[in-house]
Amino acid sequence: MRNDEKNIDLIEEPPMDLGSLDPAAADDTYWARFRFRVMTAAADELFRRRLIAETTVVGVMQGWSRALAPIAALAAALAGFLLFQDATRSAGPLALEEALVAELDDQTLPTFLDDGEADDGAFQFASETF
Amino acid sequence: MDDGALVRRARAGDGAAFGQLVERYMRAAYSVAYSVTGRHEDAEDAAQEAFVVALERLDDCRSPDRFAGWLMTIVRNRSRNLVRRESLRDTDPVPVSARSAGPTPDKVTEQAELGAKLAAALERLPQVQREIVLLHDLEGWKHREIAERLEIPSGTVRSHLHFARKALRASLHGEGPEARERA
């Protein structure tokens, strides 16, 4: 019973007129200006967030490829040009190591052994030497 | 669009979505700030700051659907910090009644006087009651909305609202503690 009375009491308490505390009571544009000030102060943070949102993994890769593809093409063209220049350039003086092996048969030891001269050659070499 | 969707879009830097959140909660934020600071200028500063802080910390809002309650906590904290800073600065606050000083039309003066009386009466209420009565009777929030957004039981909201109104009426009609002291 007491609870019911209390509830009725709570419901019956009429609202207060607090209109005089409303900052827009004397200024219709108050909330529009309020919103504008908040949005102006938030502009940098919104811009930062937009930037982060746009920077996805695919975006980063695309960004890299955009920068990298022309550089790679340029490097390839430059390398091709240098190779071509090298090929057409006349041979210069030989280095000492190159001069020593120039015009010699490029025969390796296994080839030499395969020719059937291995045994004779080896014995000849041994008998002549010792 | 619900708060959750707006918060998610604002996280990605969508200005229009954030603008909608500001539009939706600026009055409530002001009321909550006013309930703490008791001064128009401070309430305005605290509420505006709170929106920017909320945007900066939007990733910390774990339940975007409960954005309002989370925002109001920020508003309350910013307002308390502001009051603390003001008291440390040790300056004489401009009385509410002084805002309407000067040659103003009768109605405006009357409104300002009533506002000053209400502000003084509100100051005597506990903070939670001030907040609830402002959100309900000034901003038009319903019991259920206040309960959900401030995360307190609906019965408690009704009870606070009831006692806040009663105390305000008593103060305005000269039945408050000050009036009793004078008598």
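Residues numbered from 1 in each chain as written. Chains lettered and ligands numbered in written order. Predicted model: local features only at pLDDT ≥ 70, side-chain atom pairs only at ≥ 80, totals over all residues.

Engineer: Give a description of the packing of helix 7 (residues 143–150) of chain B against helix 8 (residues 154–172) of chain B that names residues and reports values.
Structural biologist: Residue and element names in this part refer to chain B. The contact between helix 7 and helix 8 brings their axes to 8 Å, and the two run at 115°. The pairing of helix 7 with helix 8 is recorded here as roughly perpendicular in orientation. Crossing hand, helix 7 versus helix 8: right-handed. Residues His143, Arg144, Ile146 and Ala147 of helix 7 lie in contact with helix 8, whose contacting residues are Ser154, Val157 and Arg158. Across the contact of helix 7 with helix 8, the residue classes tally to three nonpolar, two polar and two charged. (Axes fitted to C-alpha atoms, helices over the stretch in contact; angles between N-to-C directions. Helix = DSSP H or I, 4+ residues; strand = E, 2+ residues; numbered from the N terminus. Parallel < 35°, antiparallel > 145°, perpendicular 65-115°, else oblique. Left-handed = near helix turned anticlockwise from the far one by under 90°. Contact = placed C-beta atoms within 7 Å. Nonpolar A, V, L, I, M, F, W, Y, C, P; charged D, E, K, R; others polar.)

Engineer: Explain the environment of B:Leu118 residue by residue, including any values.
Structural biologist: Its location among the elements puts B:Leu118 in helix 5 (residues 106–123). Counting along the chain gives 50 residues from B:Leu118 to B:Leu168, while the straight-line C-alpha distance between them is 7.5 Å. Those residues within four positions of B:Leu118 in sequence are excluded, and the remaining contacts are A:Leu18, A:Ser20 and A:Leu21.

Engineer: So what about the nonpolar core? Which residues, and what values?
Structural biologist: By size, the foremost hydrophobic cluster in this structure holds 58 residues, and its most contacted members are B:Ala29, B:Ala33, B:Ala47, B:Ala50, B:Phe51, B:Leu71 and B:Val75. A per-element tally of this core places helix 2 (residues 15–37) of chain B first, with twelve residues. Sequence-distant contacts of B:Phe51, defined by excluding residues within four places in its chain, comprise A:Val38, A:Ala42, B:Val22 and B:Ala29. (Core = buried A, V, L, I, M, F, W, Y, C linked by C-beta atoms within 7 Å. Buried ≥ 20, exposed ≤ 12 C-beta atoms within 10 Å, placed from the backbone.)

Engineer: Go over the interface of chain A and chain B with me, naming the residues and quoting the values.
Structural biologist: Contact residues are listed per partner, giving 25 residues for chain A and 32 residues for chain B. The greatest single-element share of the side of chain A that touches chain B, amounting to 14 residues, is contributed by helix 2 (residues 30–54) of chain A. For the side of chain A that touches chain B, the per-class residue count stands at 17 nonpolar, one polar and seven charged.

Engineer: Report on unusual backbone geometry, specifying residues and quantitative values.
Structural biologist: If a residue is not glycine, its phi is most likely negative; likewise, a peptide bond is most likely trans. Residue and element names in this part refer to chain B. Of note, Glu151 is a non-glycine position whose phi angle comes to about 55°, a positive value. With respect to the element layout, Glu151 can be found in the loop between helix 7 and helix 8. Judged by the 13 C-beta atoms lying within 10 Å of it, Glu151 falls in the partly exposed class.

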